[in-house]
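# Results of the structural survey
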Amino acid sequence: MSASAPLAIETRALHRVYRSKPNDVVALDGIEIEVVPGEFFGLLGPNGAGKTTLIKILTTLLLPTSGTARIFGFDVVHQTKEIRRIMNMVAGGEQSGYGILEVREQLWMFSQFYGLGSRDGWRRVDELIDAVGLDEQRRQKVSTLSTGQRQKMNFARGLLNDPWIFFLDEPTLGLDVSAARAVRELILAWKAAVPGRTVLLTSHYMAEVDELCERIAIVDHGRVLAIGTPAELKRRVQRESIFRLELDRLDGGTASLARLPGVVAASAAAADEANGHDDRQTVAVNLVLHDDAALGGVVTALGGLGAQIQALRKSEPTLEDVFVELVGRGFDDAPDDGRDESQPDGRAAASEPRRDDEPAEEELV
Amino acid sequence: MSANPYVHRPTPGPQAAAAWTRRQIVMTNVRTVGGRAYPRVRGLAREKSWLFFEILLPFLTTSAFVFVYRALQAPPEYVGFVVLGGAMTAFWLNVIWMMASQLWWEKSQGNLELYFAAPMDIVAVLFGMAFGGMVMSSTRAVVVLVIATVLYGVTFSVAQWLLLVAVFMLTLAALYGLGMVLASLFLMWGREAYHLTQFLTEPIYFVSGLNFPIARLGLLGALAISVLPLAVGLDAMRQLAFADAAYPGGTPPPEIEALILVVMTVVFLGIARWMLRTLERLARREGRLSIRWQ
Amino acid sequence: MSIDPAALDSPAWGGFDPARTRGQGLRDVWRSFVTAAQLGWRNEANWTDPILFFIYSVAKPLSSTLIFVVMIEVIGGAAAREFRGFVIVGTALWAFVVAGIAGLAWSILDDRERYAMLKYVVVSPSDFLTVLLGRGVARLAVGAMGAVITLAVGVVALGLPLEVGRIDWPLLSVVMVGGLSAVVAVGILLAAICIQTRQEAWSYPEAAAGALFLVTGAVFPLSVLPAPVQVVGWATPLTWWIEGVRLAVFPAAPSGIGGAGSAFAAFTGRLRPEPYEIVVALLATGALVALGAIVGFRVSVHRAKERGLLDQTTGS
């Protein structure tokens, strides 16, 4: 891809309002994102954050109320055919297709919609069936597939046309651990095959987004609250270094550590469950330091106290911590459908729970 | 098999991949017709209850109308009128059950958004449905026509074979054009429109003169001839297939009716194309392409 | 995880109540039936929607009748006038047949393909067949409206000679109960078939109803059919139902079963069956069809469970 190549995804002041009674619902409230070609980009947010609405607009299935969106330079409103030739999409829990067909036949039908020749279509379908691990279900009727098998078939469908951009809307929804892992490996293998292939993944599974995405936008109530790499986002909430220590003993208790230079706080923690079955007695301590450099002083001090360190682990913040920090609530507390009717004007309420000491949304993005 | 299953037809980049030639566009639409017809045809082979319900039972229904005329001691050509009507019913039912209401079904099943997200024309999908369904309806029409003709001794006296074939083809073209218009309407009106399939059976049979010469309906018949492909096509075919019979006058000659069918085909296909585009725009504006996410 | 036995013993506090597994017999059946009927009513018979009312109660049944009326008019003659009344009654009653059969069969297709609810209906404590009957009853009510309106149009506009004073009410009551039960039985049979078929089976009920036209004497006397086909008609309860209603409401109307040259006349030496013969034949054939329908339905549900058909979508 040349340096002047258009962005894979570019949205400007994207708004989408659903007309409904008694109040209109603002699903997207000025979304601005840029995704470069070849990027694995994640949209993280609770149910109703506006993720699916954004995907529908980007996949040309829904018009924005205002603002612009472009896929590889093509406008989602007017250049739909061009976009449809280079993209594909898979959604979690997708039940599309015809139950009376076999897996192979169903995929061949879709291959024809993308202009593959008849024989070429059958060849391509067989390749993808093998690639997604459905070889045993090749001749099975679609209506008899399990949820995981069905999603693998959906992925094969989504890859039929060699898309340059792949939109994945909660693709592992309802899958068990092993099926979800298979799907994630599949996406990564497909993306790695050709430089420039781009993925937009929406999910509310933090670990999945953390594992797959190079950059993430955290969205809520139709707004982007923060964009960055997972590490960048986590750094924003981690102002101190947090360590967990396990010691053989600690004479003087945690108070003896709290007095040390660079230590913000020290508190007793419950011992790990694994150690609970151990015969040895351990003391677990959570240690909050101004920075990593303060750890040296702590270790020296512990030596002076006669305590032996049996385990030391640095605690990393999770994306959930980032979300809670940004929004002031966890995913589980989010309204269900993104159409928060408690807001008379339909506007997102994301900023309301934010504490005064938090940076404003504009500063984060 | 290519070495990497994740690379099938490499393109230099997205811009090149999005720039399709006219040939690519046409071929994709042609292949879409075949692709969408495929499940219909496979469905017929896989689940054969249609042979009983779509072939035998309709034949018996047509027979019932034949016996009504027999009970009335009607002239023999009336049996022929009924048989021809019974054969053509197959295509009308195919239009309303397997085409008009189908986009709405596709939406319910979550397929519609995948259709709209793919690069082909939605008209090609509708044609695919039509061709797939036509396998069944043609079988039904032929069976009804042939068996009833033999069993009830129908005598055809065709004066202009070429015109008869042309009228038949034009009738199908106009019927399926109307089917596309209805498909858009059904999708727009949702479940309410689904009930309209009911309205499109017996009432349409009646005003189309399915079992009697439409001239008997007077003004209503004339109106039907001007808007319903089934009515005008059937009337023209009866005039052409029973040229020796004393056919009740009052309707235009078959040549004029063929022209009416040409106009209907052009108008219906034009309206259908416009409606489908309008519908897509409306659906995209209002978020109505899928039920699941609404 | 340990279970607190006290919780099991205290249904009032949300514990498990073993009595719930026993059910309440007929009360449960009745409640299922009423609930399903109400659902069917809301689903199919929305009287507040004038378009739906017009389609189902006026346009469809009246058009069916008018098709035959015009067929008769086209041919004309004295026989045609007598035949007109015969056809109007037959097609009016046919509104019940179409609605009854289609209502039950479509409930299956609706619940499975459109709402994906069939499996939940089956696993609920309610008897599946009872629920289905409830759904079908609503459509039967729609059919009743269609039949009444068609008959009214027949009397007012088409010269159908109705004399209320001469109606044989006891006969009418018996044959209507027997006939509608038979319609429901045929509907159950179609529903059993639709459990096994694919989504495109929407047109099957109407096809079945159309084919029954041939052997039931609804729109022409059986006497015009070959004798073996007439005998097939005798085995159909709908034939006796229509004959019974004609005899009860329009005593002067020609018989659909008997008549000059009919197999019935040849067999019995009489031109039309007696009322008691009609009732006995209706109840006997109706009972056989009902038995066959129930057995067929149970077998179909069993096969569907065996093959996993209850939660499939089968569109093509």
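Residue positions within a chain follow its written sequence, with the count starting from 1. For naming, the first written chain is A and the first written ligand is 1, with later ones following in the order written. Thresholds applied to this predicted model are a pLDDT of at least 70 for local features of residues and 80 or more for the giving and counting of side-chain atom pairs; totals over whole chains, interfaces and linings are not thresholded and use all residues. Hydrogens and water molecules were not included; the side-chain quantities draw on all heavy atoms of the structure.

### Points about the overall build of chain C
- Regarding its fold elements, chain C presents 12 helices and 0 strands.
- Each helix is a run of H or I in the DSSP string that is no shorter than four residues. Each strand is a run of E no shorter than two, and both are numbered from the N terminus. Counted from the first residue to the last, chain C has its helices and strands arranged as α-α-α-α-α-α-α-α-α-α-α-α.
- A simple rule labels every residue: compare its accessible area, found with a 1.4 Å probe on the protein chains alone, to the largest value its type can have, and call it buried under 20%, exposed over 50%, or partly exposed in between. Burial analysis of chain C (316 residues in total) assigns 56% to the buried set.
- Whether two residues touch is decided by their heavy atoms; if any such pair falls within 4.5 Å, the residues are in contact. Summarising the internal contacts of chain C: among those between residues at least 6 apart in sequence, 77% fall at separations of at least 24.

### Brief notes about helix α7 (residues 169-196) of chain C
- The span you would expect from a helix comes to 1.5 Å times its residue count less one. With 28 residues, α7(C) should cover 40 Å at 1.5 Å per step; its first-to-last C-alpha distance of 41 Å lies within 8% of that length.
- N or O atoms closer than or at 3.5 Å make up a polar contact, with two conditions inside protein: a donor-capable atom paired with an acceptor-capable one, and, for residues adjacent in sequence, both atoms drawn from side chains. Where α7(C) begins, the capping side chain belongs to D168(C), and its oxygen is found 3.2 Å from the backbone nitrogen of L171(C).

### Focus: the interface of chain B and chain C
- At the interface, 48 residues of chain B touch 49 residues of chain C.
- By buried area we mean how much accessible surface two parts lose on assembly, using a 1.4 Å probe and totalling the loss over both. Across the chain B to chain C interface the summed buried area is about 4400 Å²; carbon plus sulfur atoms make up 70%.
- Any Lys or Arg side-chain nitrogen found within 4 Å of a carboxyl oxygen on Asp or Glu counts as a salt bridge. The interface formed by chain B and chain C includes 1 salt bridge.
- Here K60(C) and E202(B) are joined by a salt bridge, their closest N and O atoms 2.8 Å apart.
- Here chain B and chain C share 5 residue pairs in polar contact (both at pLDDT 80 or more) between them.
- Sorting the residues of the side of chain B that touches chain C by element identifies α2 (22-46), α3 (49-71), α4 (76-100), α5 (102-108), α9 (191-194), α10 (196-199) and α11 (202-207) of chain B as the ones contributing at least two each.
- Throughout, the ten residues Ala, Val, Leu, Ile, Met, Phe, Trp, Tyr, Cys and Pro are labelled nonpolar, Asp, Glu, Lys and Arg are labelled charged, and all others, Gly among them, are labelled polar. Here the residues of the side of chain B that touches chain C are counted per class, giving 30 nonpolar, 10 polar and 8 charged.

### Some words on the environment of T65(C)
Residue and element names in this part refer to chain C.
- Mapped onto the fold, T65 is located in helix α3 (residues 50-75).
- Contacts of T65, omitting those with residues within four sequence positions, involve I88, T91, A92 and T150.
- A polar atom in the side chain of T65 sits 3.0 Å from the backbone oxygen of P61.
- Among the polar contacts made by the side chain of T65, one reaches the side chain of T91 at a distance of 2.9 Å.

### Some thoughts on helix α12 (residues 219-227) of chain B
Residues and elements named next belong to chain B.
- Within the span of α12, buried status applies to G221, A224 and I225. Around the axis of α12, the buried residues are gathered within 100° of arc, so they sit on the same side. Counted as exposed and oriented over 90 degrees from the buried face of α12: L219 and L223.
- Close packing links the buried residues of α12 with α11, α13 (229-241) and α14 (254-286). Directions pointing from the helix axis toward each C-beta atom define the arc.

### Some points on the packing of α4(B) against α13(B)
All names here are of chain B.
- Lines fitted to C-alpha atoms define the axes, with helix axes restricted to the stretch in contact, and inter-axis angles between N-to-C directions lie between 0 and 180 degrees. Packing of α4 against α13 leaves a shortest axis separation of 11 Å and a crossing angle of 145°. Where α4 crosses over α13, the two elements pack in a sense that is right-handed. For the pair α4 and α13, the contacting residues are F81, L84, G85, M88 and W92 in the first and L230, L234, M237 and R238 in the second.
- Residues of the contact of α4 with α13, tallied by class, amount to 7 nonpolar, 1 polar and 1 charged. In this scheme, a crossing is called left-handed if the near helix is turned counterclockwise away from the far one by less than a right angle; it is called right-handed if the turn is clockwise.

### Comments concerning the pairing of strand β11 (residues 223-228) of chain A
Residues and elements named next belong to chain A.
- Of all 6 residues that make up β11, 6 are buried, and the element is covered over most of its length.
- Pairing between strand β10 (residues 215-220) and β11: 5 bridges, direction antiparallel. Residue pairing in the sheet places V219 in a bridge with V224 of β11. Any two strands with at least two DSSP-identified bridges between them are counted as paired.

### Description of the sheet that holds strand β12 (residues 241-247) of chain A
Residue and element names in this part refer to chain A.
- Ordered in space as β13-β14-β12-β15, the 4 strands form an open sheet in which the pairing is antiparallel. Looking at the sheet topology across the chains shown, the edges are occupied by β13 (263-269) and β15 (309-315). When the angles between neighbouring strand axes are averaged without regard to direction, this sheet yields 20°.
- In terms of strand pairing, β13 meets strand β14 (residues 283-289) through 6 bridges, oriented antiparallel. Bridge pairing in β14 links A265 to V288.
- Sitting on the sheet, helix α11 (residues 295-304) is in contact with β12, β13, β14 and β15, with an inclination near 15° to β12.

### A short note on the sheet that holds strand β4 (residues 40-44) of chain A
Residues and elements named next belong to chain A.
- Taken together, the 6 strands give an open sheet; going across it, the order is β7-β8-β9-β4-β10-β11, and neighbouring strands pair in mixed fashion. Each edge of the open sheet is held by one strand with a lone partner, namely β7 (87-91) and β11. When the angles between neighbouring strand axes are averaged without regard to direction, this sheet yields 15°.
- Where strand β8 (residues 165-169) meets strand β9 (residues 198-203), 5 bridges bridge the pair, whose relative direction is parallel. When the bridges of β9 are listed, I165 appears paired with T198.
- Against the sheet, helix α6 (residues 177-193) makes contact with β4, β8 and β9, and its axis sits at roughly 160° relative to β9, the strand it touches most.

### Here's the deal with the packing of helix α5 (residues 147-159) of chain A against α6(A)
All names here are of chain A.
- In contact at an axis separation of 10 Å, α5 and α6 are set at 10° when each is read in the N-to-C sense. In this view, α5 runs roughly parallel relative to α6, as classed from their interaxial angle. Residues G148, K152, F155 and L159 of α5 form the contact with α6, whose own contacting residues are A179, A182, V183, L186, I187 and W190.
- Partitioned by chemical class, the residues of the contact of α5 with α6 number 8 nonpolar, 1 polar and 1 charged. Each angle is binned into one of four classes, with values under 35 degrees roughly parallel, values over 145 roughly antiparallel, values of 65 to 115 roughly perpendicular, and all other values oblique.

### Details of the pairing of β4(A)
All names here are of chain A.
- Counting buried residues along β4, 5 of its 5 residues qualify, which places the element largely inside the surrounding structure.
- Every second residue of β4 is oriented toward a common face, with F40, G42 and L44 on one face and F41 and L43 on the other, all of them buried.
- Pairing of β4 with β9, which is carried by 5 bridges, proceeds in the parallel orientation. Paired with F41 across the two strands is L200, which belongs to β9.
- As paired elements, β4 and β10 share 4 bridges and run parallel to each other. Across the sheet, F41 pairs through a bridge with R215, a residue of β10.

### Side note on the interface of chain A and chain B
- Taken together, the contact between chain A and chain B spans 62 residues of the former and 55 residues of the latter.
- Interface area, chain A with chain B, both sides summed: about 5000 Å², of which 59% is carbon and sulfur.
- If you sort the residues of chain A by the area they bury against chain B, R85(A), Y98(A) and F113(A) come out on top, with a joint share of 15%.
- Where chain A touches chain B, the interface holds 4 salt bridges.
- Summed over the shared surface of chain A and chain B, the result is 25 residue pairs in polar contact (both at pLDDT 80 or more).
- Of all the secondary-structure elements, those providing two or more residues to the side of chain A that touches chain B are α1 (51-58), α2 (80-86), β7, α3 (103-113), α4 (118-132), α5 and α6 of chain A.
- With 8 residues, α4(A) is the largest single contributor of residues to the side of chain A that touches chain B.

### Observations concerning the packing of aromatic side chains
- Each Phe, Tyr or Trp ring, with Trp reduced to its six-membered ring, pairs with another whose centre is within 6.5 Å; inter-plane angles below 30 degrees give stacked pairs, above 60 give edge-to-face pairs, and intermediate values give tilted ones. Under the definition given, this model contains 29 aromatic pairs over all chains.
- Note on W30(C) and F33(C): the rings are 5.9 Å apart at their centroids and 25° apart in plane angle, and the pair reads as stacked. Placement of the pair is W30(C) and F33(C) together in helix α2 (residues 26-44), with a separation of 3 residues, close to one helical turn.
- Site record: aromatic cluster; members linked through ring pairs are Y69(B), Y78(B), F81(B), F156(B) and F242(B).
- Any Lys NZ or Arg CZ that is within 6 Å of a ring centre and within 35 degrees of that ring's normal is treated as a charge sitting over the ring. Residue placement shows R246(C) over the ring face of F86(C); its charged tip is 3.5 Å from the ring centre.

### A closer look at the side chain of N211(B)
- Assignment of secondary structure puts N211(B) in the loop between α11 and α12.
- Judged by relative accessible area, N211(B) falls into the buried class, the value being 4%.
- With near-sequence residues (within four places) excluded, N211(B) lies in contact with F65(B), Y69(B), V82(B), R238(B), I67(C) and M71(C).

### Some points on the confidence of the model for chain B
- Note: pLDDT gives the predictor's confidence per residue, expressed from 0 to 100. Model confidence for chain B is summarised by a mean pLDDT of 88, while 95% of its residues fall at 70 or above.
- The least confident element of chain B is α9(B), whose mean pLDDT is 63; the most confident is α13(B), at 94.

### Here's the deal with the nonpolar core
- By nonpolar core we mean a set of buried residues, namely Ala, Val, Leu, Ile, Met, Phe, Trp, Tyr and Cys, connected to one another through side-chain atoms within 4.5 Å. Within the largest apolar cluster, 293 residues are counted, with the highest numbers of intra-cluster contacts made by F167(A), W92(B), W94(C), W241(C) and F297(C).
- With residues near it in sequence (within four places) discarded, F167(A) still touches I9(A), I55(A), L58(A), T59(A), I71(A), M87(A), N88(A), M89(A), V90(A) and L200(A).
- L245(A), A266(A), V285(A) and V298(A) belong to the second largest nonpolar core, which has 16 residues in total.

### So, unusual backbone geometry
All names here are of chain A.
- With a phi close to 70°, T60 is a non-glycine residue in the positive phi region.
- The backbone phi angle of E170 is positive, close to 45°, even though this residue is not glycine.
- Take E170: it is sitting in the loop between β8 and α6.
- Classification of E170 as buried rests on a relative accessible area of 11%.

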